[in-house]
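Notes for the structure review
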Amino acid sequence: MKHWRLFGVLLLWTTGYSESARSQQPQAQAPAPAQTKIPAGSKVFVAPMGGFETPLRKAIADKKVPIEIVEQREQAEYEITGTSESRKASTAKKVILGSWHSDEEASIKVASVKTGEMVYAYAVHKQDSAHGQRSTAEACAKHLKDEAVTTK
């Protein structure tokens, strides 16, 4: 019985000590989110991305993202940059799994042309993509519309 009391006293003492130690440490506050939404109707330039810009522009139009794509960076308020990678199905994948679909990865970043501040970023990975870059471009456009662009 004495051991349990001693254990309880030690437990209370260590708990109290850790609480007082925590209260003396400076509290870190989470920084305010720097991301702002892109206003609907903003002029956006899609930078060259090794061929990925073409399916991305088409996907933005098909998904009806409420932004205006411009041909010159100087005319734009925002710029979309990014990368895309395709990995064709290997012979082993074709033979063993019977799958000819490629693996696709893409990432985009939207930044203000004037300030350079990044306002949105998104990355997507599609395994066994039946439509190649089109699938990742459509995913980027869908999330751009749903998460980054304000509605009027």
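Let me sum up the structure you'll find in this document. Worth saying up front: this structure is predicted, and the values here are computed from it rather than measured.

Moving on, we get to the environment of Phe45. Assignment of secondary structure puts Phe45 in strand S1 (residues 43–46). As for Phe45 and Tyr78, which are separated by 33 residues in sequence, their C-alpha atoms are 6.3 Å apart.

Here helix H2 (residues 53–62) crosses helix H4 (residues 133–148) at 45 degrees, and the two axes come no closer than 8 Å. As judged from the angle between their axes, H2 and H4 are oblique. Handedness of the crossing formed by H2 with H4: right-handed. Residues Pro55, Leu56, Ala59 and Ile60 of H2 lie in contact with H4, whose contacting residues are Gln133, Ala137, Glu138, Cys140, Ala141 and Leu144.

Another point: unusual backbone geometry. If you check the backbone angles, Lys64 has positive phi at about 55 degrees while not being a glycine. With respect to the helices and strands, the residue Lys64 is situated in the loop between H2 and strand S2 (68–70).

Quick look at the pattern of salt bridges now. The full count for this structure, using the stated rule, is five salt bridges. A salt bridge links Lys58 to Asp62, with the nearest nitrogen and oxygen atoms 3.0 Å apart. With Lys58 and Asp62 both in helix H2, this residue pair falls four residues apart, about one helical turn. Exposure remark for Asp62: the relative accessible area of 44% places this residue in the partly exposed category. The salt bridge partner of Asp146 is Lys142, with a shortest N-O separation of 3.1 Å.

Each value, and the rule that gives it
- Residues numbered from 1 in each chain as written.
- Predicted model: local features only at pLDDT ≥ 70, side-chain atom pairs only at ≥ 80, totals over all residues.
- Heavy atoms only, no water.
- Helix = DSSP H or I, 4+ residues; strand = E, 2+ residues; numbered from the N terminus.
- Axes fitted to C-alpha atoms, helices over the stretch in contact; angles between N-to-C directions.
- Parallel < 35°, antiparallel > 145°, perpendicular 65-115°, else oblique.
- Left-handed = near helix turned anticlockwise from the far one by under 90°.
- Contact = heavy atoms within 4.5 Å.
- Salt bridge = Lys/Arg side-chain N within 4 Å of Asp/Glu carboxyl O.
- Buried < 20%, exposed > 50% of the residue type's maximum accessible area, 1.4 Å probe, protein only.

From the geometry alone we can't say anything about function, so treat these as descriptive.
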